[in-house]
Amino acid sequence: MQSIQAEKLKKEADALILAHYYVPGEVQDMADYVGDSYALAVKAAHSDKKVIVFCGVSFMGESAKILSPDKTVYLPERNAHCAMAEMADVREAERMKREIPDLAVVTYINSGAALKAVSDVIVTSSNALKIVSALPQKNVYFIPDRNLGRYVAEHDASGKKFYFCEGHCPIHARTTKEDVLAAKETHPEALFLVHPECPAEVCALADCVGSTAEIIAFARRSQKKQFIIGTEEGVLHALKKSCPDKQFYPLREGMICEDMKKITPEKVLAALRGEVAPVEVDERTREGAERALKKMLELAK
Ligand code: 13P
Ligand code: SF4
């Protein structure tokens, strides 16, 4: 029923519905496209629709607006925020740039527009290693996620020196080696797939470390039938849909991003009707952030 209403409203508004894998399953099912942060940023940048309804947390809608200033972008829930997005400091990034020669400020897309605007390049979990390795600078200040940053530093073969801050995702960062060992004991046949926002000791035990989309692609390709999933539980909806013959087990209880769950089908319909305020980004900040996001799109190709 909601899907029929959404289809009608979408046509009337000339809108595209994008959804991240962490939003509730019924919201994912209303979307034109469900993806990881990188794929969603690309879809938003290339859409020819007038309106984008972005079912995700605020940095996602903000990034869509930064890349497509002429489009109207709606977040069905303006108060859905990523807890990590403000964990790095703009002034500290500027200070690092002033004080450390030959330094690139590399900022995870899970960040506010002001931080993006002072960054050299934006990365997502699916392209961070590729982009960092391709940078000409010898020094990298990787913010805000210390776990993704550490994962990139461990795998970078270009000999760069890394600096981090203490940003982290509360949902992923609390996972432990003990969680993995317990899940493996309960499901001895299962492979372990994990997001790089988890700590090093957790990633070290994984069969695949990747973005949400990479986790899903790995499970789809694999000959194995059982998987322990070390990321937010919303991904299980897409996994079960695309691999109905396979079994998926969350790494631990409570891997839930409450902010992503604030998005409901009713709020999506309200956004399609234009009943929420559109996303706005101040023009000077937008231009700086656009430069860093476009650099990501260029280097990630
Ligand atoms: P992905 O880019 O892998 O979808 O991750 C986004 C995110 O918020 C992870 O917590
Ligand atoms: Fe942010 Fe963590 Fe939620 Fe991802 S799961 S949006 S990093 S708080």
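Scroll up a little and you will see the structure.
Residues numbered from 1 in each chain as written. Chains lettered and ligands numbered in written order. Predicted model: local features only at pLDDT ≥ 70, side-chain atom pairs only at ≥ 80, totals over all residues. Heavy atoms only, no water.

1. What about the overall build of the protein chain?
Then, number 1: Summing up its helical and strand segments, the protein chain has 15 helices and 12 strands in all.
Then, number 2: Relative to the globule expectation of 19 Å for 301 residues, the C-alpha radius of gyration of the protein chain, 19 Å, shows essentially globular dimensions.
Then, number 3: Each principal axis of the C-alpha atoms in the protein chain carries an extent, and together these give about 55 × 50 × 30 Å.
Then, number 4: For the protein chain, the proportion of its 301 residues judged to be buried stands at 56%. (Helix = DSSP H or I, 4+ residues; strand = E, 2+ residues; numbered from the N terminus. Rg over C-alpha atoms; globule rule 2.2 N^0.38 Å. Buried < 20%, exposed > 50% of the residue type's maximum accessible area, 1.4 Å probe, protein only.)

2. Considerations on the sheet that holds strand β11 (residues 226-230)
Then, number 1: Taking strand neighbours across the sheet as the criterion, the 4 strands line up as β10-β9-β11-β12 in an open arrangement whose pairing is parallel. Two strands bound the open sheet, and with one partner strand each, they are β10 (208-209) and β12 (247-250).
Then, number 2: As paired strands, β11 and β12 are joined by 4 bridges and run parallel to one another. Paired with Ile-228 across the strands is Tyr-249, a residue of β12.
Then, number 3: Packing against the sheet, helix α13 (residues 234-242) makes contact with β11 and β12, and its axis sits at approximately 175° to β12. (Pairing = 2+ DSSP bridges. Contact = heavy atoms within 4.5 Å. Axes fitted to C-alpha atoms, helices over the stretch in contact; angles between N-to-C directions.)

3. Focus on the packing of helix α4 (residues 58-67) against helix α15 (residues 283-300)
Then, number 1: For the pair α4 and α15, interaxial distance at closest approach is 9 Å and the crossing angle is 95°. The angle between α4 and α15 falls in the class roughly perpendicular. For the pair α4 and α15, the contacting residues are Ser-63, Lys-65, Ile-66 and Leu-67 in the first and Arg-286, Ala-289, Glu-290, Leu-293, Lys-294 and Leu-297 in the second.
Then, number 2: Of the residues contributing to the contact of α4 with α15, the split by class is 5 nonpolar, 1 polar and 4 charged. (Parallel < 35°, antiparallel > 145°, perpendicular 65-115°, else oblique. Nonpolar A, V, L, I, M, F, W, Y, C, P; charged D, E, K, R; others polar.)

4. Here we look at the site of ligand 1
Then, number 1: Ligand 1 sits among His-20, Tyr-22, Asp-36, Ser-37, Asn-110, Ser-125, His-172, His-195, Glu-197, Ser-211 and Thr-212.
Then, number 2: For ligand 1, an oxygen atom lies 3.3 Å from a polar atom in the side chain of Tyr-22.
Then, number 3: At 2.7 Å, a side-chain N or O of Thr-212 approaches an oxygen atom of ligand 1.
Then, number 4: Within the complex, 96% of the 310 Å² of free accessible area of ligand 1 lies under protein. (Near = heavy atom within 4 Å. Polar contact = N/O pair within 3.5 Å; in protein donor to acceptor, adjacent residues only side chain to side chain. Areas by Shrake-Rupley, 256 points an atom, 1.4 Å probe, with all protein chains shown as cover.)

5. Section: the side chain of Thr-107
Then, number 1: Structurally, Thr-107 is set in strand β5 (residues 103-108).
Then, number 2: Among the residues examined, Thr-107 registers a relative accessible area of 0% and is labelled buried.
Then, number 3: Ignoring anything within four residues of it in the chain, the contact list for Thr-107 reads Leu-115, Ser-119, Val-121, Ile-122, Val-123, Ile-143 and Pro-144.

6. What about the site of ligand 2?
Then, number 1: In the region of ligand 2, the neighbouring residues are Tyr-22, Cys-82, Ala-83, Met-84, Asn-110, Cys-169, Ile-171, His-172, Glu-197, Cys-257 and Met-260.
Then, number 2: Among the residues making up the shell around ligand 2, the classes are represented as 8 nonpolar, 2 polar and 1 charged.

7. Some details on the side chain of His-187
Then, number 1: Relative to the helices and strands, His-187 resides in the loop between α10 (177-186) and β9 (191-194).
Then, number 2: Setting aside residues up to four positions removed in sequence, His-187 forms contacts with Gln-226, Ile-228 and Tyr-249.

8. Regarding α4
Then, number 1: Among the 10 residues of α4, 9 are classified as buried, and the element is accordingly described as predominantly covered.
Then, number 2: The set of residues buried in α4 consists of Ser-58, Phe-59, Met-60, Gly-61, Ser-63, Ala-64, Lys-65, Ile-66 and Leu-67.
Then, number 3: Where α4 is buried, its residues contact β1 (15-20), α3 (37-46), β3 (51-55), β4 (72-74), α6 (113-117) and α15.

9. Overview of unusual backbone geometry
Then, number 1: Cis geometry marks the peptide bond from Ile-143 to Pro-144, where omega comes out at -15°.
Then, number 2: By the element assignment, Pro-144 lies in the loop between β7 (139-143) and α8 (146-155).
Then, number 3: The backbone of Asp-14 shows a phi angle near 55°, a positive value even though the residue is not glycine.
Then, number 4: Positive phi values are uncommon outside glycine, yet Asp-102 reaches one of about 55°.
Then, number 5: With respect to the helices and strands, the residue Asp-102 is situated in the loop between α5 (90-99) and β5.

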